Amino acid sequence: MIKAEKLVKQFDKFRALDEFNINIPQGCVYGLVGPNGAGKSTFLRHAAGVYKQDSGTIEVFGEKVFENPKIKNKIAYIPDDLFFFLQASILDMRNFYRNIYTNFSMERYEKLKDVFRLDEKAPIRKFSKGMQKQAAFWLALCMRPEIMLLDEPVDGLDPVMRRQIWSLILSDVSENGTTVLVSSHNLRELEDVCDHVGIMHKGKMLLERSLSDIQGNTVKLQIVPKDDVLPQNITILHESSTGRMKTLIVRGNPHDVSEAANAVDPVYYELIPLTLEEIFIYELGGVDYAVNEIIL
Amino acid sequence: MRSTKSYFNLQLFKKTVTRYWPIWSVYLFILSIANYFIVRESVYYSYADVVELDSLYSSTITFGLIFSAIFCLATAMFSHSWMYTARSASAYACLPIKREGLFLSTSLAGVVPLILSNLFAMIVMSLTALYFGVNAFYAALLCFLALSLFNVFSYGLATFCCELTGNAFVVPFIYAIFNFLAVVVEALLKVLAGFFIYGASFSSSFYFSFLSPIYEMITKVHTIRTPESGITGWSYIIAYAVVGLILCALSLLIFKKRRMETASDIVAFNPLKPVFKYCLSFGCALTLGMLFYSIIANDFDYNYAYGCELKTIITLGICMIIAAFIGYFAAEMLIHKSFKVFKNKWKGFICVCAVIALLIAGMYFDLFGIEKYVPDTDDIGSVSFSVFGCTTEIEDADTIELLRETHSAIIADKDRNRSLLKDWRYEDETEEFLYDFRITYVLDNGRRVNREYTIFASDFHEANWQTLSGIINRADCIKARTAPLFTDDIEYCNIYYTVPVADSSANEKDADFAEEDAEYERLPIDKYPDTEGKYIELTASEAKEALIPAIIDDINHGRISDFHNYYGSRSLSREIYECSINFSIPIKRDNSEYFYYNNISFNPTVNSTSTNEALKSLGIELYTVAELYE
């Protein structure tokens, strides 16, 4: 669906994408997470056909996306920094897009009026940031895209509107098989909507799996060991202790970790599923990410 | 326009046109109002239809040329403004439209309203003229075509400038540079060459002015006055319009390679970054360097006259290197958007310094052989040379060879001539004198080689002087210079002459007053204690009947010339009569709107027997300078 191999993009001396690989299946909601400067927005711009890579390949529906109007016609891209024509109202932008995107649905536009209660005739530049985001979603959803590329999409939206917009997007995913690639720092939100997650760092993909795989492969083990003997044959990503209680972040499925813990006959142990935020932090901690000390 | 494969997107075109309507509507408004007033003023201040059209052409073209240049820049900037911010560049680039479609739709949206505005304004012009009773439809059509072709060129150039940069503020600078760079650089190089190269000519004509289009069009495109009213320079207009189209095509090629991440970059096209850096370095070295030098030294005239000394070279070199430093690192800062550019960037600057040093040393030591260069006889098509402002054109091989030899001799005597020039004082009142010698070789390949020298005429140079004045005073050369006398082109003839006064006391009382007036040229006739200037004017027919045949006879027999060197030979005071015959010749140059008046003057001498007879028959008394004042 969206597939990038060894994608490289360099801005002067800064390597924004460094042999970046990604594979996004059709119909999935893919969350792209990573620290600032990881290359998320740069990749989204490649996927939208805005940037041309220095080397490597990126394909959407098996075709190059750069300079490919046929593919671009199927993509709705909502960047972090929105653009509307100066003085343009939602009606103006609608009229513009309906003549550009062949799938633009006026019927849907009318239906969504009830969701996005915005003044269609007012200049968009006079809207608040959140209202502008709403306008962007309104127009993007009317394009009936097969792919939605969302860069920090819900920044500035109130919780109710966030929920409504995600609901609209997810209904598109379930009804039409729309593929959504979303980059965000809001891991809590991604956890709720994504079925796949990729963690980026310094232009590379650190980890790319389905959310269930990720969450099933990393667990938090709280253990009070006998004679300070920790379980053997497990990969410990992080270790901390409070009194006799040790907290281990362990890579492995809960069953295997549980067996390993039982094997050392601890005084007490408990397996706790990790949040996406914790996984993100521990994975990045493994590559010397600077926040390591802050969170501990 | 719902096709995703088209190279033109109507929706984008319409959107761009409507977004920037204030720009082209201001253009339309000003042009229409201006044309209305142009027509109205033309009618009020004229006596016949034809004259009205002259004025109409002239005003519309002059106004339109400058106006077109400004508004084409503005519309190109606005229609391509989406490329200059990351937000808009991303928004446009992700649209399902090919690059060609983006380019053509936005570019056409810039220029089409301008051309339609021209059409509307010219209709206004025609209707206004019709209202005042003048049929100006054809004139309006010509003006529309000319103005629209100007638009095509100016817009093409502006679009090209837009593609080179990612920063909107830079576009006007690039546009101005492209329009005037060539003439400015050429002028500065000529000034620099004048410092070092003996004979380097600072002629006002520019070899590379065609690379400065606005300058070239302003100088080459004119309107014709009566009776064949119209616009000249169509070849220039059409050629530049074609260049405009080529620039548009080039812009499209650059745009296809453009990377959207270059939005806000000073140079948007990576291969041009070094070009920008080195052009700015050398441009600053030349402009700022010369400016710094003029502030520090202020001895341009001295250097031109006597050649520059070592301290001049060192001072100028330092000034140019400081200016190049400013240009080079300013370019680095602009390219990298950072002030921290002084690490690891010195190699390029050292190269710039080396080139400047080579340029200065090359000129000073004439490493390029410019100073000693005299074209081969076989390559020369014609030569024109000028002494004391008298210009003579030569085409025969023998005379050309003679001039080449004289020119070579002048070059060989450079050091002695300059040394003599330094020591010479006008007050010395010797037989020696200075003269300016300018020579232009027109080579068979069309190239022109210009040189000019200030020469101290004594000893060795006396021979050169005799050669040059001999050629100037040859009958065929005089005839070539005074050709209008042999046709019907003269307008009138003035004769000024001086006679002694019998009663000097009569003039003495007015002498002080008269001298003062004469100084300020308020009186055509001078009154001095012992002499009195007189004046006679002949109509063209009178001159043709009573005077011109006699002058032609003397020219044919080598007895009179339109050139005399008053400084060159004090003995001439006993040969030349204190009398000046001036013919006024109206000349209309091909590309010019106005008539220019050329004067042909003769001073009769004791040898110009036929002319003297004719003058005497007109009642003119002839006295030599010696007879009057010595």
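About the criteria used
- Position numbers for residues count from 1 along each chain, tracking the sequence in the order it is written.
- Chain labels run from A onward and ligand labels from 1 onward, assigned in the order the entries are written.
- Whole-chain, interface and lining totals are the exception, using all residues; otherwise, since this is a predicted model, local features are given only for residues with pLDDT of at least 70 and side-chain atom pairs are given and counted only at 80 or more.
- Numbering of helices and strands starts at the N terminus; helices are DSSP runs of H or I of at least 4 residues and strands are runs of E of at least 2.
- Exposure is read from a count of other C-beta atoms within 10 Å of each residue's own; the residue is exposed at 12 or fewer, buried at 20 or more and partly exposed in between. C-beta atoms are placed from the backbone.
- Contact between two residues is assigned whenever their backbone-derived C-beta positions fall within 7 Å.
- Three categories are distinguished: nonpolar for Ala, Val, Leu, Ile, Met, Phe, Trp, Tyr, Cys and Pro, charged for Asp, Glu, Lys and Arg, and polar for the others, with Gly belonging to the last.
- Confidence of the predictor in every single residue is expressed as pLDDT, which spans 0 to 100.
- Either an automatic procedure or a domain database provided the assignment from which the domain bounds are taken.
- Structurally, a nonpolar core is described as a collection of buried Ala, Val, Leu, Ile, Met, Phe, Trp, Tyr and Cys residues joined by way of C-beta atoms within 7 Å.
- Axes here mean lines fitted to C-alpha atoms, for a helix over just the part in contact, with angles spanning 0 to 180 degrees between N-to-C directions.
- Geometric relationships in this document are graded by angle, where less than 35 degrees denotes roughly parallel, more than 145 denotes roughly antiparallel, 65 to 115 denotes roughly perpendicular, and other angles denote oblique.
- Here a crossing is called left-handed whenever its near helix is offset anticlockwise from the far helix by less than a right angle, and right-handed whenever the offset is clockwise.
- Strand pairing is assigned whenever DSSP identifies at least 2 bridges connecting the two strands.

1. Considering the overall build of chain A
Okay, step 1: Check the secondary structure of chain A and you find 11 helices and 14 strands.
Okay, step 2: Along the first, second and third principal axes, the C-alpha set of chain A runs to 75 × 40 × 35 Å.
Okay, step 3: Counting over 296 residues, chain A shows a buried share of 39%.
Okay, step 4: A fraction of 71% describes how many contacts in chain A between residues 6 or more apart in sequence connect residues 24 or more apart.

2. Some words on the overall build of chain B
Okay, step 1: What chain B contains, in helices and strands, is 22 helices and 10 strands.
Okay, step 2: Looking at chain B as a whole, 37% of its 630 residues qualify as buried.
Okay, step 3: Of the contacts made within chain B by residues no fewer than 6 positions apart, 74% connect residues no fewer than 24 positions apart.

3. Remarks on the environment of A:Pro225
Residue and element names in this part refer to chain A.
Okay, step 1: Among the structural elements, Pro-225 can be located in the loop between strand E11 (218-224) and strand E12 (235-242).
Okay, step 2: Take Pro-225: there are 19 C-beta atoms within 10 Å of it, and that puts it in the partly exposed class.
Okay, step 3: In sequence terms Pro-225 and Val-250 are 25 residues apart; their C-alpha atoms lie 15 Å from each other.
Okay, step 4: Excluding residues that lie within four positions of it along the chain, Pro-225 makes contacts with Leu-230, Lys-246, Val-264 and Pro-266.

4. Things to note about the interface of chain B and chain A
Okay, step 1: Taken residue by residue, the interface counts 21 residues in chain B and 22 residues in chain A.
Okay, step 2: Sorting the residues of the side of chain B that touches chain A by element identifies helix H1 (10-19) and helix H4 (86-93) of chain B as the ones contributing at least two each.
Okay, step 3: Counting residues per element, the side of chain B that touches chain A draws most heavily on H4(B), at five residues.
Okay, step 4: Here the residues of the side of chain B that touches chain A are counted per class, giving eight nonpolar, four polar and nine charged.

5. Points about the environment of B:Thr399
All names here are of chain B.
Okay, step 1: Along the chain, Thr-399 turns up in helix H14 (residues 397-412).
Okay, step 2: Among the residues examined, Thr-399 registers 18 C-beta atoms within 10 Å and is labelled partly exposed.
Okay, step 3: Distance in space between the C-alpha atoms of Thr-399 and Ile-471 is 7.8 Å, their sequence separation being 72 residues.
Okay, step 4: Leave out the neighbours within four places in its chain, and Thr-399 touches Ile-394 and Ile-471.

6. A short note on the confidence of the model for chain B
Residue and element names in this part refer to chain B.
Okay, step 1: Averaged over all residues, the pLDDT of chain B is 81; the fraction at 70 or higher stands at 83%.
Okay, step 2: The least confident element of chain B, judged by mean pLDDT, is helix H18 (residues 504-519) at 51; the most confident is H4 at 93.
Okay, step 3: Low confidence marks residues 516-525, where pLDDT is under 50. Its contacts with residues over four positions away, or in another chain, come to nine contacts.
Okay, step 4: The ipTM for the predicted assembly is 0.87, set against a pTM of 0.76.

7. A few points about the domain arrangement of chain A
Interface size is often expressed as the accessible area that is lost when the parts come together.
Residues and elements named next belong to chain A.
Okay, step 1: Along its sequence, chain A is carved into domain 1 (2-202) and domain 2 (213-295).
Okay, step 2: Distance from the C-alpha centre of domain 1 to the C-alpha centre of domain 2: 36 Å.
Okay, step 3: Domain 1 puts nine residues into the contact, and the matching count from domain 2 is nine residues.
Okay, step 4: Looking at the side of domain 1 that touches domain 2 element by element, the count peaks at four residues for helix H7 (residues 187-193).
Okay, step 5: When grouped by side-chain class, the residues that make up the side of domain 1 that touches domain 2 number six nonpolar, one polar and two charged.

8. Details of H4(B)
Since the α-helix packs 3.6 residues into each turn, any two residues three or four apart lie on the same face.
Okay, step 1: All of the buried residues in H4(B) are B:Ala89, B:Ser90, B:Ala91 and B:Ala93.
Okay, step 2: Of the surrounding elements, those touching the buried residues of H4(B) are helix H1 (40-47) of chain A.

9. Things to note about the nonpolar core
All names here are of chain A.
Okay, step 1: Grouped together as the largest cluster of nonpolar side chains are 97 residues, with contacts concentrated most on Ala-47, Ala-140, Leu-149 and Leu-181.
Okay, step 2: No other element matches helix H5 (residues 129-142), which puts nine residues into this core.
Okay, step 3: In contact with Ala-140, not counting residues within four places along its chain, are Ala-76, Ile-78, Pro-145 and Met-148.

10. Thoughts on the packing of helix H5 (residues 99-131) of chain B against helix H9 (residues 234-257) of chain B
Residues and elements named next belong to chain B.
Okay, step 1: Relative orientation of the contacting elements H5 and H9 amounts to 135°, with a least axis distance of 10 Å. Here H9 runs oblique to H5, going by the angle between their axes. Along this stretch, H5 crosses H9, giving a crossing that reads as right-handed. The segment H5 lies against H9, with Arg-99, Glu-100, Phe-103 and Ser-107 engaging Cys-248, Leu-252, Phe-255 and Lys-256.
Okay, step 2: Of the residues contributing to the contact of H5 with H9, the split by class is four nonpolar, one polar and three charged.

11. Description of the confidence of the model for chain A
Note that predicted coordinates carrying low pLDDT should not be read in detail.
Okay, step 1: Taken residue by residue, chain A gives an average pLDDT of 88. The fraction at 70 or more is 96%.
Okay, step 2: Contacts from residues 290-296 of chain A, a stretch scored under 50 in pLDDT, to residues over four places away or in other chains number four contacts.

12. A short note on the sheet that holds strand E10 (residues 204-210) of chain A
All names here are of chain A.
Okay, step 1: An order of E6-E7-E8-E3-E9-E10 is seen for the six strands of this open sheet, with the pairing classed as mixed. A strand with exactly one partner marks an edge of an open sheet, and here the two such strands are strand E6 (75-78) and E10. Each strand axis lies, on average, 15° off the axis of its neighbour in the sheet, ignoring direction.
Okay, step 2: One ladder, built from six bridges, connects strand E9 (residues 196-201) with E10; its direction is antiparallel. Directly across from His-201, in E10, lies its bridge partner Lys-204.

13. Some thoughts on the pairing of strand E4 (residues 55-60) of chain A
All names here are of chain A.
Okay, step 1: Here strand E1 (residues 2-11) pairs with E4 via five bridges, running antiparallel. If you follow Val-8 over to E4, its bridge partner there is Ser-55.
Okay, step 2: If you look at the hairpin formed by E4 and strand E5 (residues 63-64), you'll find two residues sitting between the two strands, and Phe-61 has a positive phi there, around 55°.

14. Observations regarding the sheet that holds E11(A)
All names here are of chain A.
Okay, step 1: What the four strands build is an open sheet, ordered E12-E13-E11-E14; its pairing is antiparallel. Unpaired on one side and paired on the other, E12 and strand E14 (268-273) mark the two borders of the sheet. On average, each strand axis in the sheet is inclined to that of its neighbour by 20°, with strand direction left out of account.
Okay, step 2: Relative to strand E13 (residues 245-251), E11 runs antiparallel, the two sharing six bridges. The residue of E13 that forms the bridge with Ile-223 is Lys-246.
Okay, step 3: Of the strands in this sheet, E11, E13 and E14 are in contact with helix H9 (residues 254-263), which crosses E11 at around 20°.

15. Description of helix H21 (residues 609-617) of chain B
Okay, step 1: Among all positions of H21(B), only B:Ser610, B:Thr611, B:Asn612, B:Ala614 and B:Leu615 are buried.
Okay, step 2: Positioned one or two residues after H21(B), B:Gly619 has a phi angle of 85°, which is positive.

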